[in-house]
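# Per-entry structural report
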Amino acid sequence: MYNGEKLNVQQFIADAIAEIKTQVGNDIVVLGLSGGVDSTVTALLVDKAIGKNLVCIFVDHGLLRKNEFEDVLKHYEGMGLNVIGVRAADRFFAACKGITDPELKRKAIGKTFIDVFADEARKVENAKWLAQGTIWPDIAESKSDKGVIKSHHNVGGLPEDLHFGLVEPLKYLYKFEVREVGEALGLDKHFLGRHPFPGPGLGVRCLEELTPERIHILQEADAVFINDLREAGLYDEIWQAAVVLLPVRSTGIKDGRRTYDNVVALRAVNSVDAVTAEVVNLPFDFLQKVATDIIAQVDGVNRVVYDISPKPPATIEWE
C-alpha cells in the first residue's frame, strides 16, 4: 500500500516475477483480461514469469466502449499474449433485466462475469491458478470498515468449486504505481495512458435498467466525447473521462420538430489514487462543442450536462 514513498519499480518487477514463479511453478494460470491497464500489466508480469503457461480470457459483456472488444483483442495479439475472446452480452443483459439498484446491478454483472469466466476457465486443461489485476483501491472499497462503498467482482467473487489459487501481484499498488510498472515493462504509451475503466463497464454509467438500446446510445455518446478530447489535445491531461446516461428525458427541438429524448452527463476528473478526485475545469467552448456533437450525432439524446461534483462526497462513477 502506498505510504508516500516512491515505488522502486525495477525491484518490484523482479520480486513480483520471482514470487509468481515460486507460487505457481509449472502450473497453468488463467487470467481475466478487461482491456484496462491493471489486468494488462498483470498479464505482462505473469507472462514474464511463466510464458506459455499463461492463458488469458477477455470477456465481452456487452458493456464495453464502442468497438473496444475488437480493438483490444487486436492489440493483445500484437503483444504476443495468448488470449481467448468470449462474446457473452446476451447473458449479461439477461442477468441484469429489471434491476435498477446500483449495488444489485454491480453484483449481477460481477456474478455473471465470474460465471462466464469460470465456464471458459474450466475448458483450460490443468489450470490451477487465476491471475487478476486487483489493485489496492478495489480491496479498500469492497471491504471498508464503514461498509461496502461499491462491489468489485475481482474481490471475493471466485466460485468455491473452481478450486483455483489466486495470483494478484498488484494488490498493494495504486493506479499510478501500476502505470509506472507498465511503463517499465514496455507497455506502449497509448495503452498505458488509457483512462481507468470500471470492471462493470458502461453498466455503472447507464443509470436504471440496462438494455442493449440504452447501452448503444451510451457507447455512441462516449465515443464522441473521447474523440473530441483527443482531437483537442485534452485526453492526456485528464485522469478519467466518462459519459453517463441519466434515467430522465427532456423536451428539445431537432430538425424543427419537438423531441422528448435522453439526457447525458459528462464527467472528467483528476486523481492520484482514486480515493479522492477533483473535477477538471474543461474549457466552456470545448464543452459546448461536445454537447453540439453528441446531440447532432447520437440519436436519442437532446441534452448534455456537466458533472462538477468532487470525490468525496460523490464517487467518480455514478453507480
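Here goes a summary of the coordinates provided. Since this is a predicted model, take the numbers as computed values, not measurements.

With parallel pairing, the five strands of this open sheet are ordered in space as 3-2-1-4-5. Of all strands in the sheet, those bounded by a partner on one side alone are strand 3 (83–87) and strand 5 (165–167). Geometrically, the sheet is characterised by an average inter-axis angle of 30 degrees between neighbouring strands, direction not taken into account. Running at roughly 165 degrees to strand 1 (residues 28–33), helix 2 (residues 37–50) makes contact with strand 1, strand 2 (54–60), strand 4 (127–131) and strand 5 of the sheet. Most of the contacts of helix 3 (residues 68–78) go to strand 3, to which it runs at about 170 degrees, and overall it touches strand 1, strand 2 and strand 3.

Its place among the elements puts Glu168 in the loop between strand 5 and helix 7 (175–184). Of the buried charged residues, Glu168 lacks a salt bridge, with Lys171 as the closest side chain of opposite charge at 4.6 Å. A polar side-chain atom of Glu168 sits 2.9 Å from a polar atom in the side chain of Gln132. Here the side chain of Glu168 touches Thr134 through a polar contact of 2.8 Å, side chain to side chain.

All right, on to the packing of helix 9 (residues 212–231) against helix 10 (residues 284–297) then. Helices that pack against each other are described as a pair by the angle of their axes relative to one another and the distance between those axes. Contact pair helix 9 / helix 10: the axes reach a minimum separation of 9 Å and the direction vectors enclose 145 degrees. Read as a crossing pair, helix 9 and helix 10 show a hand that is right-handed. Packed against helix 9, whose contacting residues are Ala221, Val224, Phe225, Asp228 and Leu229, the element helix 10 presents Phe286, Lys289, Val290, Asp293, Ile294 and Gln297 at the interface. For the contact of helix 9 with helix 10, a count of residues per class yields seven nonpolar, one polar and three charged.

This next bit is on helix 7. Considered for burial, the residues of helix 7 that qualify are Lys175, Glu177, Val178, Arg179, Val181 and Gly182. Gly186 lies just past helix 7 and shows a positive phi near 90 degrees.

Ranked by internal contacts, the top residues of the largest apolar core, which has 52 residues, are Val30, Leu210, Phe225, Leu229, Leu266, Leu282 and Ile294. Element by element, the count of residues in this core is highest for helix 9, at eight residues. Residues in contact with Val30, not counting those within four places in the same chain, are Val55, Phe117, Ala121, Val124, Ala127, Trp129, Leu130, Ala131 and Phe164. The next biggest cluster of nonpolar side chains, apart from the first, holds 40 residues, and it includes Ala49, Phe69, Ile135 and Leu170.

Moving on to the packing of aromatic side chains. Applying the stated criterion to the full structure yields five aromatic pairs. With centroids separated by 6.3 Å and ring planes inclined at 40 degrees, the aromatic side chains of Trp136 and Tyr172 adopt a geometry described as tilted. Taken together, the positions of Trp136 in helix 6 (residues 136–142) and Tyr172 in the loop between strand 5 and helix 7 put the pair 36 residues apart, joining distant regions of the chain. Look at Tyr172 and you get partly exposed, because its relative accessible area is 45%. An aromatic cluster of three or more residues is present, and its members are Phe58, Phe69, Tyr76 and Phe191. A cation over a ring is seen here: Arg194 above Phe191, with NZ or CZ 5.3 Å from the ring centre.

A few words now on the pairing of strand 1. With six of six residues buried, strand 1 lies mostly within the body of the structure. Where burial is concerned, the two faces of strand 1 agree: the one with Ile28, Val30 and Gly32 and the one with Val29, Leu31 and Leu33 are both buried. Examined bridge by bridge, strand 1 and strand 2 share five bridges and lie parallel to one another. When the sheet's bridge partners are listed, Leu33 is paired in strand 2 with Phe58. Assessed by its sense of winding, the connection that carries the chain from strand 1 through helix 2 to strand 2 is right-handed.

Cut-offs and rules
Residues numbered from 1 in each chain as written. Predicted model: local features only at pLDDT ≥ 70, side-chain atom pairs only at ≥ 80, totals over all residues. Heavy atoms only, no water. Pairing = 2+ DSSP bridges. Helix = DSSP H or I, 4+ residues; strand = E, 2+ residues; numbered from the N terminus. Axes fitted to C-alpha atoms, helices over the stretch in contact; angles between N-to-C directions. Contact = heavy atoms within 4.5 Å. Buried < 20%, exposed > 50% of the residue type's maximum accessible area, 1.4 Å probe, protein only. Lys, Arg positive; Asp, Glu negative; His and termini not counted. Salt bridge = Lys/Arg side-chain N within 4 Å of Asp/Glu carboxyl O. Polar contact = N/O pair within 3.5 Å; in protein donor to acceptor, adjacent residues only side chain to side chain. Left-handed = near helix turned anticlockwise from the far one by under 90°. Nonpolar A, V, L, I, M, F, W, Y, C, P; charged D, E, K, R; others polar. Core = buried A, V, L, I, M, F, W, Y, C linked by side-chain atoms within 4.5 Å. Phe/Tyr/Trp six-rings, centres within 6.5 Å; stacked < 30°, edge-to-face > 60°. Lys NZ or Arg CZ within 6 Å of the ring centre and 35° of its normal. Right-handed = clockwise from strand over helix to strand, strands pointing away.

In short, shape yes, function no, at least from these values alone.
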